[in-house]
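What follows is each chain in one-letter form.
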Amino acid sequence: MINVAVLGYGTVGSGVVEVLTTNSDSIAKRAGDTINIKYVLDLRDFPGEPIEKVLVHDFDTIINDDEIDIVIEAMGGTEPAYTFAKASLERGKSYCTSNKELVAKYGPELLELAKEKGKNFLFEASVGGGIPIIRPLNQSLTADEIMEITGILNGTTNFILTKMSKEGLTFDEVLKEAQELGYAERNPAADVEGYDACRKIAILSSLAYGKHVDYEEIYTEGITKITDTDFKYGEKLGLTIKLFGKSKRVGDKFYAMVAPFMISSDNPLYSVNDVLNGILVKGNVIGDVMFYGAGAGKLPTASAVVADVVDAAKHIKTNIMTLWSSKKLNLDDIKNSEKRFFVRLKGDAKERETELKEIFGDIKVITLDDVKGEFGVITPVMSEAKYEEAASKASGIITRIRVESV
């Protein structure tokens, strides 16, 4: 029998208990042993619920019990999660978590500690919810050099952008609906400002390239400045707008960023809509591989956590090698990366076209019949630095959005 303790009985934690209970027989066959929930830790009481018999309020009860083999954490935040993770591994207990903040900040340290103790620190559910992506990067794609990762990594922002695109609504209108539906928090900054996606692309990049990518060094831009008018231009161009977490290897340099991108229908991520996530991985041998599915939610995320529990149970006395060194990966300045830009400007297109061609080069001009006093252009491919230099010479810029492909 494998004894486990679940830390946190919120959305994900209760989902983990449900999955372990509902699918106990099939999970036991896959794990090679019965998984027994010995403790559930939470500050609250749950009178009348089945977990009442195993509910504890003090982590010391768990850490001091030598019968606990695996600790499952579904709390979020870096503390007390980091303290609990470190203590668990030091006491010879494997640790499975859905906590992206913990993994992004302390991943290399906790992986090294797990290796030292012959245990495992597993975090499949920290990125992409129920989508298997951590394990494929760590195990299935190891024959490839990963050249690029592009992901729709946040369901809240994808829901907002999808509704804006399909229904012509404003950002504020859709954000309010997302909050009413429970997709967005009362304070939605972590989602709409791109911070959540930033931590996730940092984790994926660290695994893909083998060195630690510091999320605090990743250029991050959210979706709060995207308007319904931007989508009107996009529709005329055959493009839509998605919030991407991206990292890319160019020669011996690495770039990473989070930002809205305009993309065309030939991009595999074009049709990833609503609260779903999609992750496109480009390898130098295999080419493009797409991962798609529910990026959040109680049971999809719990399913990924339990998959880690099964893996930890199967390797109860051995460490699963993870190529994520504590050595830092130095990201190149994003200003050196190249792409096209969609730019909205005030004025008359015919009057300003010659001027703007001298500034940006061979631009494509877009006008809308129902939008007066402004127009749009798409620049040729240029570096971020060259765009900024050109933009400083062009008056009346309303906004700019990066363009993935046209």
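First, a word on what this report is: a plain description of the structure on this page. It should be emphasised that the depicted structure is a prediction, and the values quoted were computed from it without experimental measurement.

What follows covers the overall build of the protein chain. Across its full length, the protein chain carries 14 helices and 19 strands. Radius of gyration (C-alpha) of the protein chain: 23 Å, near the 22 Å computed for a compact globule of 406 residues. With the C-alpha coordinates aligned to their principal axes, the bounding extent of the protein chain is approximately 75 × 45 × 30 Å. When contacts within the protein chain are restricted to residue pairs at least 6 apart in sequence, those whose partners lie at least 24 apart make up 73%. Across the protein chain, 49 positive and 62 negative side-chain charges occur, with their mean positions spaced 3 Å apart.

It is a probe the size of a water molecule, rolled over the atoms, that shows where empty space is left. Here the structure, examined in full by the defined rule, presents one cavity of 30 Å³ or more. Its boundaries defined by the atoms lining it, the largest cavity holds a volume of some 120 Å³. Mapped by element, the contributors of at least two residues to the lining of the largest cavity are β6 (121-122), α6 (134-140) and α12 (298-314). Counting residues per element, the lining of the largest cavity draws most heavily on α6, at four residues. Here the lining of the largest cavity is built from residues that sort into seven nonpolar, three polar and four charged.

Attention now goes to the pattern of salt bridges. Enumeration according to the criterion identifies 28 salt bridges in this entry. In this structure, Arg249 and Glu145 form a salt bridge, with 3.2 Å as the shortest nitrogen-oxygen distance. Placement of Arg249 in strand β10 (residues 239-250) and of Glu145 in the loop between α6 and β7 (146-152) is noted, with a sequence separation of 104 residues between them. Given the relative accessible area of 40%, Glu145 is considered partly exposed. Ionic pairing is found between Arg352 and Glu355, a salt bridge with its closest N-O pair at 3.1 Å. Here Glu355 and Arg352 lie together in helix α13 (residues 349-360), a separation of three residues that amounts to about one turn. If you follow the salt bridges from partner to partner, you end up with Glu221, Lys339, Glu384, Arg400 and Arg402 in one network.

Attention now moves to the packing of helix α7 (residues 155-167) against helix α8 (residues 171-180). With their axes 9 Å apart at the nearest point, α7 and α8 run at an angle of 130° to one another. With respect to their mutual orientation, α7 and α8 come out oblique. Here α7 runs over α8; the crossing is right-handed. Residues Phe159, Ile160, Lys163 and Met164 of α7 form the contact with α8, whose participating residues are Phe171, Val174, Leu175, Glu177 and Ala178. Partitioning the contact of α7 with α8 into residue classes produces seven nonpolar, no polar and two charged.

So, how was this worked out
- Residues numbered from 1 in each chain as written.
- Predicted model: local features only at pLDDT ≥ 70, side-chain atom pairs only at ≥ 80, totals over all residues.
- Heavy atoms only, no water.
- Helix = DSSP H or I, 4+ residues; strand = E, 2+ residues; numbered from the N terminus.
- Rg over C-alpha atoms; globule rule 2.2 N^0.38 Å.
- Contact = heavy atoms within 4.5 Å.
- Lys, Arg positive; Asp, Glu negative; His and termini not counted.
- Charge placed at Lys NZ, Arg CZ, Asp CG, Glu CD.
- 1 Å grid on protein atoms, 1.4 Å probe; cavity = no way out; pocket = protein on both sides within 12 Å on 5 of 7 lines; lining within 4 Å.
- Points joined across faces, edges and corners; volume = space filled by probe spheres on them.
- Nonpolar A, V, L, I, M, F, W, Y, C, P; charged D, E, K, R; others polar.
- Salt bridge = Lys/Arg side-chain N within 4 Å of Asp/Glu carboxyl O.
- Buried < 20%, exposed > 50% of the residue type's maximum accessible area, 1.4 Å probe, protein only.
- Axes fitted to C-alpha atoms, helices over the stretch in contact; angles between N-to-C directions.
- Parallel < 35°, antiparallel > 145°, perpendicular 65-115°, else oblique.
- Left-handed = near helix turned anticlockwise from the far one by under 90°.

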